[in-house]
Amino acid sequence: MRMMQLALPALAAMVLAGFATTAPAEARNYPWCAQGGEFDYPGECTYSTYEQCQASVSGRLLYCGPNPMVAYGQAPWPQPRPQRRTRPVAPY
């Protein structure tokens, strides 16, 4: 029982330390897309190499094409910022 009382706080501290050191996920535009069939344009753009894309589309009636966001140097569309509503303040 005494061992459990010592182990539980140590385990909780290790879990919290793990959460504190993890970095948030970063969005990335991959250079190759699986296109055709069930995917709209530009397709499923999750492949780092052409070989990865070819292996994924094999037997699925799809083909591999370049990601237009990477190939043509387009930046992703910026997210619209919500309009802030302001209240008029009466003068003092």
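Refer to the structure presented above.
All of these numbers come straight from a predicted model, not from anything done at the bench.

Calculation notes
- Residues numbered from 1 in each chain as written.
- Predicted model: local features only at pLDDT ≥ 70, side-chain atom pairs only at ≥ 80, totals over all residues.
- Heavy atoms only, no water.
- Disulfide = S-S within 2.5 Å.
- Helix = DSSP H or I, 4+ residues; strand = E, 2+ residues; numbered from the N terminus.
- Patch = residues over 30% accessible without salt bridge, like charges linked within 9 Å, V, L, I, M, F, W, Y side chains within 5 Å.
- Areas by Shrake-Rupley, 256 points an atom, 1.4 Å probe, with all protein chains shown as cover.
- Salt bridge = Lys/Arg side-chain N within 4 Å of Asp/Glu carboxyl O.
- Buried < 20%, exposed > 50% of the residue type's maximum accessible area, 1.4 Å probe, protein only.
- Pairing = 2+ DSSP bridges.

Caption draft 1: A look at the state of the cysteines. Under the definition given, this model contains 2 disulfides. Here Cys33 pairs with Cys45 through a disulfide, and the sulfurs are 1.9 Å apart. An S-S torsion of about 100° defines the bridge between Cys33 and Cys45 as right-handed. With Cys33 in strand β1 (residues 32–36) and Cys45 in strand β2 (residues 39–47), this residue pair connects regions lying 12 residues apart in the sequence.

Caption draft 2: Representation of a nonpolar patch on the surface within the structure. A cluster of nonpolar side chains, Leu8, Leu11 and Met14, forms an exposed patch at the surface whose accessible area comes to about 330 Å². The residue Leu8 is located in helix α1 (residues 2–21) in this model. For Leu8, a relative accessible area of 55% corresponds to the exposed category.

Caption draft 3: Looking closely at unusual backbone geometry. Pro42 follows Tyr41 through a cis peptide bond whose omega is 5°. Turning to its location among the elements, Pro42 is positioned in strand β2. One non-glycine residue, Leu61, adopts positive backbone phi at about 55°. Relative to the elements of secondary structure, Leu61 occurs in the loop between α2 (50–57) and β3 (63–66).

Caption draft 4: Inspection of the pairing of β1 at higher detail. As judged from the 3 bridges shared by β1 and β2, these two strands associate in the antiparallel manner. In the sheet register, Trp32 faces β2, and the bridge partner there is Tyr47. The antiparallel pairing of β1 with β2 creates a hairpin that spans 2 residues between the two strands, and Gly37 there sits at a positive phi of about 55°. Sheet analysis places β1 next to β3, joined by 4 bridges and oriented antiparallel. Looking at the pairing, Cys33 lines up with Gly65 of β3.

Read these as spatial facts, not as claims about activity.
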